[in-house]
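Results of the structural survey
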Amino acid sequence: TCSAEMLLNSHELTRYDVAASDGPLGVVEDLLFDETDWVVRQLAVNTDGFLVHHRVMITTQDVAAIELPSETLRLRLSRAEIKDKSDAAMARQEGDGTRSGKPSTFALATTLSSANAAFDYSLHAVDGRVGLVHGLLIDTATWQIRYIVIDAGDWLEYKFTLLSPRVISGLNHADRQFLANVTKQQVQDSPPYNADAELSRDWEAFLYDHYGWPKDW
């Protein structure tokens, strides 16, 4: 199982296997997060033939453990319980007219945003465009999105850095934009993030000092 402090990129999690309490279920296809509090609420799982429903939604509260190095999400529910929940959700949607129309699928919660869709959204600072979103860093103990991974480089090279959701003023889905209350220069001068290195508290303190954010740990 994972440690309490482990952060995983949403882009990585979308390839993790999912196991019910009584056997394999499928693969994570997408993560659905709440923009108001930046918490992942649901997982879209491709059941790959294990269930009649090709795609099911699992709440993050039903994840019992994240197992490494097998990269598997272990659920508290059995496959029968998941099927029953999916059947009930589809029945409700057929009753209120929200069924997506796709076979063996039920609609996503409309108040949640897709991590997959947010990948490659542009980041717009108060004075203009400054980079692209390259994933969300998620605290696997709480499903809280702690950071947004930003590529602030140019067309010749990558430069990855992190932003706290606290500075995001909104998401413009029509134009595929994250809107941030920071300047372009602040992002360009921010400390570089190395995804292959452990994210230490000292590095986080350096990042917070750069932006003048109050440390909340």
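Refer to the preceding data block for the structure.
About the criteria used
Numbers given to residues run from 1 along each chain, matching the order in which its sequence is written. A pLDDT threshold of at least 70 governs which residues receive local features in this predicted model, and a stricter bar of 80 or more applies before side-chain atom pairs are shown or counted, although totals over entire chains, interfaces and linings include all residues. As a convention, hydrogens and water are excluded, and side-chain values are obtained from all of the structure's heavy atoms. A run of H or I in DSSP becomes a helix once it reaches four residues, and a run of E becomes a strand once it reaches two; helices and strands are each numbered from the N terminus. Polar contacts, as used here, are pairs of N or O atoms within 3.5 Å; protein pairs need one atom able to donate a hydrogen and one able to accept it. Residues neighboring in sequence count only if both atoms are side-chain atoms. Note on definitions: a residue-residue contact is assigned when non-hydrogen atoms from the two residues lie within 4.5 Å. The term salt bridge refers to a pairing of a side-chain nitrogen on Lys or Arg with a carboxyl oxygen on Asp or Glu at a separation within 4 Å. Each residue gets one of three labels from its accessible area relative to the maximum for its type: buried under 20%, exposed over 50%, partly exposed in between, using a 1.4 Å probe on protein chains only. Only buried residues count toward a nonpolar core, which is a set of Ala, Val, Leu, Ile, Met, Phe, Trp, Tyr and Cys residues joined through side-chain atoms within 4.5 Å.

Some points on the side chain of threonine 161
Among the secondary structure elements, threonine 161 is positioned in strand 12 (residues 160-163). Polar contacts involving the side chain of threonine 161 include one to the main-chain carbonyl oxygen of proline 191, which spans 2.9 Å. Setting aside its immediate chain neighbours within four residues, threonine 161 contacts Ile148, Val149, Ile150, Ala152, Val187, Ser190, Pro191, Tyr193 and Leu207.

Topic: the pattern of salt bridges
Applying the stated criterion across every chain, the model contains twelve salt bridges. Here arginine 74 ties to glutamate 67 by a salt bridge, and the two come within 3.1 Å at their closest N and O atoms. Take arginine 74: its relative accessible area is 29%, and that puts it in the partly exposed class. Residues arginine 146 and aspartate 139 are paired through a salt bridge, measuring 3.3 Å at the closest nitrogen-oxygen approach. A relative accessible area of 19% means that arginine 146 is categorised as buried. Take aspartate 139: its relative accessible area is 10%, and that puts it in the buried class.

So, the nonpolar core
Soluble, globular proteins show a tendency: their nonpolar side chains are buried together. One finds Leu43, Ile82, Leu123, Trp143, Leu163, Ile168 and Phe178 to be the most contacted residues of the largest nonpolar core, which totals 56 residues. Apart from residues no more than four positions distant in its own chain, leucine 123 is found in contact with Gly128, Arg129, Val130, Gly131, Leu132, Ile150, Leu163, Ile168, Phe178, Ala180 and Val187.

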